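Topology and contacts: notes
Below are the chains, spelled out letter by letter.
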Amino acid sequence: MNHTLSGIAIGAFLAFMSFQFGWWGFVVSIVFMGLGALLGRAVDGRIDLRRVLDALTGRRSSS
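What comes next is a walk through the structure. This structure is a prediction, so every number in the text was calculated from the model and none was measured.

1. Focus on the overall build of the chain
Looking only at helices and strands, the chain features 3 helices and 0 strands. Put simply, the chain runs from its N terminus to its C terminus through helices and strands in the order α-α-α. In terms of overall size, the chain is more extended than a compact globule, its C-alpha atoms giving a radius of gyration of 14 Å where 63 residues would be expected to give roughly 11 Å. When the 63 residues of the chain are sorted by exposure, 17% land in the buried category. Put simply, of all contacts in the chain between residues at least 6 apart along the chain, 39% involve residues at least 24 apart. Counting every atom, the chain has about 5,000 Å² of accessible surface; 68% of that belongs to carbon and sulfur.

2. So, the pattern of salt bridges
Using the criterion set out here, one finds 2 salt bridges in the structure. D48 serves as the salt-bridge partner of R51, at 3.8 Å between the closest nitrogen and oxygen. For R51, a relative accessible area of 58% translates into the label exposed. Of the charged contacts in the structure, one is a salt bridge between D54 and R59, with a shortest N-O distance of 3.6 Å. Judged by its relative accessible area of 9%, D54 falls in the buried class.

3. Overview of a nonpolar patch on the surface
Residues I10, F13, L14, F16 and M17 make up a contiguous nonpolar surface patch of about 530 Å² in total accessible area. In this structure, I10 sits in helix α1 (residues 3-19).

4. Describing α1
The terminal C-alpha atoms of α1, which comprises 17 residues, lie 23 Å apart, in line with the 24 Å expected from a rise of 1.5 Å per residue. Along α1, the positions that sit buried rather than exposed are T4, G7, G11, A15 and S18. Buried residues in α1, looked at end-on, bunch into an arc of 70°, giving them a common side. Those residues of α1 that are exposed and aimed more than 90 degrees away from the buried face are I10, F13 and F16. For α1, the elements touching its buried residues are α2 (23-44).

Calculation criteria
- Residues numbered from 1 in each chain as written.
- Predicted model: local features only at pLDDT ≥ 70, side-chain atom pairs only at ≥ 80, totals over all residues.
- Heavy atoms only, no water.
- Helix = DSSP H or I, 4+ residues; strand = E, 2+ residues; numbered from the N terminus.
- Rg over C-alpha atoms; globule rule 2.2 N^0.38 Å.
- Buried < 20%, exposed > 50% of the residue type's maximum accessible area, 1.4 Å probe, protein only.
- Contact = heavy atoms within 4.5 Å.
- Areas by Shrake-Rupley, 256 points an atom, 1.4 Å probe, with all protein chains shown as cover.
- Salt bridge = Lys/Arg side-chain N within 4 Å of Asp/Glu carboxyl O.
- Patch = residues over 30% accessible without salt bridge, like charges linked within 9 Å, V, L, I, M, F, W, Y side chains within 5 Å.
- Expected span 1.5 Å × (residues − 1).
- Arc of directions from axis to C-beta.

Note that every value here comes from positions in space, so none of it alone points to a role or purpose.
The following block contains the structure:
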């Protein structure tokens, strides 16, 4: 199992815990799964979070 799948599994677990709270729990679960996948890809070395943060804050362009 690679780190991306581990991150998704952890995000899914946290999402399941928040899913009990209705619609917003569902929305939060999607956010947790996305964050888990993002962090897993960062651990795998497939994405550089510093560059993503720089692109989001406008310091650098994404191209």
